[in-house]
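Notes for the structure review
The residues making up each chain are set out below.
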Amino acid sequence: MNNQQMEEYKLLVEGQLPWPQTKNLMSSYKDRDRFFKILKIYQDKVKWDEKILLPIGEHLFIVQKGNQRLVKCTCGHEFGDYRKNWKFQSVLLVRNKVEDLESIYPHSDVCDPSWMEIREFICPGCGTLLEIEACSPGYPITFDFCPDLEGFYSEWLNHPL
Amino acid sequence: MTETNSMTAGLRKRLEESEVLLAETGCYDGITTLECRDMDPLKFETIHMKLRAGCVSAREIARRISASPGVREVGEMVAAIYTPEGDAIAISNGIMVHVHTMSRFIKWMIKNGYEHDPGINPGDIFANNDAFIGTVQVPDVMDVVPIFHEDELVGWAGAVCHELEAGGITPGGDVALAQERFGEGLFICAEKIGLNDKIRRDYVIRCERNLRMPIYWILDEQAKVAACFSMRDRVLELIEDVGVDFYKKISKEFIEEGRRTQLARVRQLTVPGTYRSNTFYGHVTKGKPGFQPLGDPDWLYSIPLKMDIKLDGKIVVDFEGAQPWGYHSMNCTPAGMDGGMFVTLTQHMNFEGLVNDGAWLATQLKLPRGTWTNPDSEFCATATSWALLLPAYGAFQRMLSRGFLARGFLEEVFVGQVNSPMIEMGGISQYGKPFGIAHFECAAAGSGALAIKDGLDTAYVGWNPESDMGNIEIWELDMPMVYLGRSILPNSGGAGKYRGGNAFMSTWVINKSPEVRIVTSEHSSRVFDNAGMCGGYPAPTCQKHRVVRNSNINQRAEQRKPLAHSTGLDQKDLEQFYQGNQQIIEGPHITAPMKEGDIFTHSYNGGGGYGDPLERDPVLILDDIIQGHSSQIHGERVHGIRFKGSMDDETLEIDFLQTQKTRKRLRSERLQGAVPVMKWFEAEKIKVKQGDFAPEVLKMYRAAMDLSEEFGREFRAFWQLENGFAYPEKEQKDINNE
């Protein structure tokens, strides 16, 4: 594995890669084994041992734990089986009052809270804001992504899961 | 009169055969092996590049003929070369939305027997702007010419310009007040507008008599036809070089390779599975003059999307649960939905290699009949379809980006496009003549953030990958308004670890005109019609217009007093600087005409943010404040920054220690204030069962449940409601007529 390239990807993950190199990455042909390179960077970064199978958010990963495949935060908090919406295992702040909305949008016009609210899904382990939904009151919580993990590994990566 | 033409005999049958071959083999036109490419890959690429170069240069020729600043200045145009069956082989840069809409137009003519009547002959020119035949909205007028080699139809050349004036019930191109087709303006429905390489005089007369500003439309017609002739010449030159049989063979292989490239790109960049997203749009016109009472003046739409990425790389996007079409101008036809998909894919997946209709063939859109995505009445209006298309395809971009993120291609993750509030106007120009124009500086919104950096400020719209606001001086030539300023709108990008790109606002004074009617559209002021990702916030809702009628700006100018060039950070500069009738207008600006000395402001939209705002680098925040992209209070409240010093004496700096402590405290406060989702769910369930919502929200749910069994089933299952649960109609009675 090319060490210089791995250093570049580490900077990319940290948001520190200088723009000319980033632009080059965007414009170049994509490397075929990027997935496993990035996975290694994430695995080295986290402080827990479970094997990362798939990143699904800025802080969330699907990991192998025993015979379970769980959603796990960088802080180590676990959200349960990846086939179920992790948001149900999070904690929630709802902004549905004008003053609560305006505190995030100083100097700007905001939504009418009778038409729309902001839902902030937070990791119970570290207090990180993991995902936001802007939706009408009563709108079902969205399950953003349920990957076909088996198909991905076996048919696209040709790699055991 | 019915014409017959042996040169196009069997065209309809050929199109049907091609569709059957695609269905049977899964490959475009039944092409299972790419023989031309395999035989000589370099020749294959070279010939495609020649065709593409022909499209690009044709577009540039056209831009120099056009009188419209929309085409000349901001490039609202595209040109493409098609197969005889109407499939795009090569396209130019520009508004690539229309590559596939033109394809629909050509196929529509073939399926409707145009080879017999009105006939398809050398030198013919056909035009269309009917979205149910194949375009997005009335101002998107397309021209195509057939390409004949000796006595055989070998393809089509086509070009689209977005017209700045369409002759509708309100001036400009995006006719916001149209509630039915019959107010949208001048329709050209797959019409033969020219013979023997010449546009018909009677067609030009019709344009002259039905448009407020015919010079734009008519010269754009000349521009498009010139572009088509240029592409036709290039194709015929190429045929001279390589032979007609080889050209016919290779041009189809280009499309099949485009299809395969798209599938391969999906398998390379994403992860298979089911992705979901939703967005919303809120429309407010209650009490505004000119509104026709066919539908609700105020309404709310939810726009749910489900995307399946299949193991073969096919993308299937399903709009099940979308709202019904309505008596407003924001409906969209399947052609427009195709266009939105196509232009998004060309930016995210097909940005290299062969960009053509092959990409579209590798995707599938499910558009439920009767919804705004696929209306079951062709009387409905589509003049401002972008109002719903842009939020929808912004959500599509976020779904794709979750795939890029999962696959490790962080540099491709993009929070997406936002809506484009448009200004249309008409009245008496500064030259004392009637005029009408759409202002296209909107082609430069803030983009969504990326997973690795902030979004672009005032530099991106999804519908034109060559986003450009145009020069102020050019716009001032064509409208009786003088710019007081163009200003960055601080904090207009959504907050996040990486913020969304900021938008700008413009401030004008009406100049040398007794009457300017300004009508704006595509404002979602009551709800966010964009979103963030991974903890990033949506950008603010569409901002209100601030207006001063009968202002004293001319007196202030004569007295050499300072002028306000924007509304200022606190939105109070106009009131502080100018006397006059101060107005704040939510939603579309639909009101009485304005006149010389009146001041008008219009804001565009910023993009959504990415990641938790408490993780944003404090140095970036300080830089934003110094550059005018953000305010100090925003840094404090949203990002937990603590400052030392002051902007006033240029000593402002970050207190890193206090910032660290503050951010730790804010995380802790989040956890104290938040409730487990399941606890929230139990309380919310009661509200949902009681239908304890605003009337517009309740109507939105009822409409989606009425139209979509699946939406109703999922809604009831989610909230654990009994089978058959519905919101009764009687609770809706007064939305229209309060």
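Residues numbered from 1 in each chain as written. Chains lettered and ligands numbered in written order. Predicted model: local features only at pLDDT ≥ 70, side-chain atom pairs only at ≥ 80, totals over all residues. Heavy atoms only, no water.

1. Regarding the overall build of chain A
Keep this limit in mind: Segments assigned H or I by DSSP are reported as helices when at least four residues long, segments assigned E as strands when at least two residues long, and all are numbered from the N terminus. Categorising residues by exposure relies on relative accessible area from a 1.4 Å probe, with only protein chains included: less than 20% of the type maximum marks a residue as buried, more than 50% marks it as exposed, and the intermediate range marks it as partly exposed.
Along chain A, the regular secondary structure elements total five helices and eight strands. In chain A, the succession of helices and strands from N to C terminus is α-α-α-β-β-β-β-β-α-β-β-β-α. Structurally, chain A occupies a C-alpha span of about 55 × 45 × 30 Å along its principal axes. Looking at chain A residue by residue over its 161 residues, the buried ones come to 55%.

2. What to know about the sheet that holds strand S7 (residues 198–199) of chain B
Residue and element names in this part refer to chain B. Using the following cut-off: Strands qualify as paired when DSSP identifies two bridges or more between them. Every residue pair with non-hydrogen atoms within 4.5 Å of one another is taken to be in contact. Axes, fitted as lines to C-alpha atoms, cover a helix only where it is in contact. Angles between the N-to-C directions of the axes lie from 0 to 180 degrees.
What the seven strands build is an open sheet, ordered S2-S1-S5-S4-S3-S6-S7; its pairing is antiparallel. The open sheet has two edge strands with one neighbour each: strand S2 (88–91) and S7. Alignment of strand S3 (residues 125–128) against strand S6 (residues 191–195), held across three bridges, turns out to be antiparallel. When the sheet's bridge partners are listed, isoleucine 125 is paired in S6 with glycine 194. Packing of helix H9 (residues 214–242) onto the sheet brings it into contact with strand S1 (77–82), S3, strand S4 (140–149), strand S5 (152–162), S6 and S7, and relative to S4 it is tilted by some 30°.

3. Side note on the domain arrangement of chain B
As a reminder of what qualifies: Residue ranges labeled as domains rest on an automatic or database domain assignment.
When cut into domains, chain B gives domain 1 (6–32 + 58–245), domain 2 (415–610), domain 3 (617–666) and domain 4 (675–738). For domain 2 of chain B versus domain 4 of chain B, the distance between C-alpha centres works out to 36 Å.

4. Quick notes on a negative patch on the surface
All names here are of chain B. Put simply, the test is: For patch detection, residues must exceed 30% relative accessible area and be free of salt bridges, and they are connected within 9 Å for like charges or within 5 Å for nonpolar side chains (Val, Leu, Ile, Met, Phe, Trp, Tyr). Working definition of accessibility: Shrake-Rupley area with a 1.4 Å probe, residue cover restricted to the visible protein chains. The salt bridge definition used is simple: a Lys or Arg side-chain nitrogen within 4 Å of an Asp or Glu carboxyl oxygen. Under this rule, positive means Lys or Arg and negative means Asp or Glu; His and the chain ends count for nothing. Think of each charge as sitting on NZ of Lys, CZ of Arg, CG of Asp or CD of Glu.
Together, Glu150, Asp151, Asp233, Glu237, Glu240 and Asp241 line one region of the surface with negative charge. Its place among the elements puts aspartate 241 in helix H9. Exposure remark for aspartate 241: the relative accessible area of 58% places this residue in the exposed category.

5. Topic: the nonpolar core
The cut-off we apply is this: Buried Ala, Val, Leu, Ile, Met, Phe, Trp, Tyr and Cys residues form a nonpolar core when they are joined through side-chain atoms within 4.5 Å.
Leu54(A), Ile315(B), Phe319(B), Phe396(B), Tyr610(B) and Tyr701(B) are the most contacted members of the largest nonpolar core, which totals 200 residues. Looking at this core, the element that brings in the most residues is helix H13 (residues 386–407) of chain B, giving 14 residues.

6. Digging into the pairing of S3(B)
The side chains of a regular strand alternate, residue by residue, between the two faces of the sheet. Residues and elements named next belong to chain B. Side chains of S3 alternate between two faces, with Ile125 and Ala127 and Phe126 and Asn128 buried alike. The pairing of S3 with S4 spans three bridges and is antiparallel. The residue of S4 that forms the bridge with phenylalanine 126 is valine 144.

7. A few points about unusual backbone geometry
Residues and elements named next belong to chain B. The step from aspartate 117 to proline 118 runs through a cis peptide bond, and the omega angle for that step is 15°. With respect to the element layout, proline 118 can be found in helix H6 (residues 115–119). The backbone of threonine 458 shows a phi angle near 45°, a positive value even though the residue is not glycine. Within the secondary structure, threonine 458 is located in the loop between strand S13 (434–439) and helix H14 (472–478).

8. A look at empty space enclosed by the protein
The probe, sized like a water molecule, is rolled over the atoms to show the empty space still left. Threshold: Both site types are read off a 1 Å grid over the protein atoms alone. A 1.4 Å probe that fits but cannot get out defines a cavity, while an open set with protein on both sides within 12 Å along at least five of seven lines defines a pocket; lining residues have an atom within 4 Å of a point. Grid points are joined across faces, edges and corners, and a volume is the space filled by probe spheres set on the points. Three categories are distinguished: nonpolar for Ala, Val, Leu, Ile, Met, Phe, Trp, Tyr, Cys and Pro, charged for Asp, Glu, Lys and Arg, and polar for the others, with Gly belonging to the last.
Counting across every chain of the model gives eight cavities of 30 Å³ or more. Those elements that provide at least two residues to the lining of the largest cavity are strand S7 (129–135) of chain A together with strand S8 (273–284) and H13 of chain B. Ranked by residue count, the leading element in the lining of the largest cavity is S7(A), at five residues. Along the lines of polarity and charge, the residues of the lining of the largest cavity split into six nonpolar, four polar and seven charged.

9. Things to note about the packing of helix H8 (residues 201–210) of chain B against H9(B)
Residue and element names in this part refer to chain B. Convention followed: An angle below 35 degrees is treated as roughly parallel, one above 145 as roughly antiparallel, one from 65 to 115 as roughly perpendicular, and anything else as oblique. Helix crossings get a hand from a simple test, with the near helix turned counterclockwise from the far one by less than a right angle marking a left-handed crossing and a clockwise turn marking a right-handed one.
Look at H8 against H9: their axes get within 8 Å of each other, and the N-to-C directions meet at 155°. Between H8 and H9, the interaxial angle falls into the category roughly antiparallel. Between H8 and H9 lies a crossing whose hand is right-handed. Contacts from Tyr203, Val204, Cys207 and Glu208 of H8 reach H9 at Pro214, Trp217, Ile218 and Glu221. Counted by class, the contact of H8 with H9 contains six nonpolar, no polar and two charged residues.

10. A word on the packing of aromatic side chains
The geometry of an aromatic ring pair is captured by the separation of the ring centres together with the interplanar angle, meaning the angle of the planes. Going by this rule: Note on ring pairs: Phe, Tyr and Trp rings are taken, using the six-membered ring of Trp, and paired if centres are within 6.5 Å. Classes follow the plane angle, with under 30 degrees stacked, over 60 edge-to-face and the rest tilted. Comment: the charge-over-ring label is applied if NZ (Lys) or CZ (Arg) is within 6 Å of the ring centre and within 35 degrees of the ring normal.
Counted under the stated rule, the structure contains 43 aromatic pairs over all chains. Between the aromatic rings of Trp48(A) and Phe61(A), the centroid separation amounts to 6.1 Å while the plane-to-plane angle is 70°, which identifies the pairing as edge-to-face. Taken together, the residues Trp48(A) in the loop between helix H3 (34–45) and strand S1 (51–55) and Phe61(A) in strand S2 (residues 60–65) connect sequence positions 13 residues apart. Each member of the pair, Trp48(A) as well as Phe61(A), is classed as buried. Here the aromatic residues Tyr139(A), Phe280(B), Phe693(B), Tyr701(B), Phe711(B), Phe715(B), Phe725(B) and Tyr727(B) are joined through ring pairs into a cluster of three or more. Here the basic side chain of Lys87(A) rests over the ring of Phe121(A), its NZ or CZ set 5.2 Å away from the ring centre. Looking at Arg181(B), its charged tip hangs above the ring of Phe187(B), at a distance of 4.1 Å from the centre.

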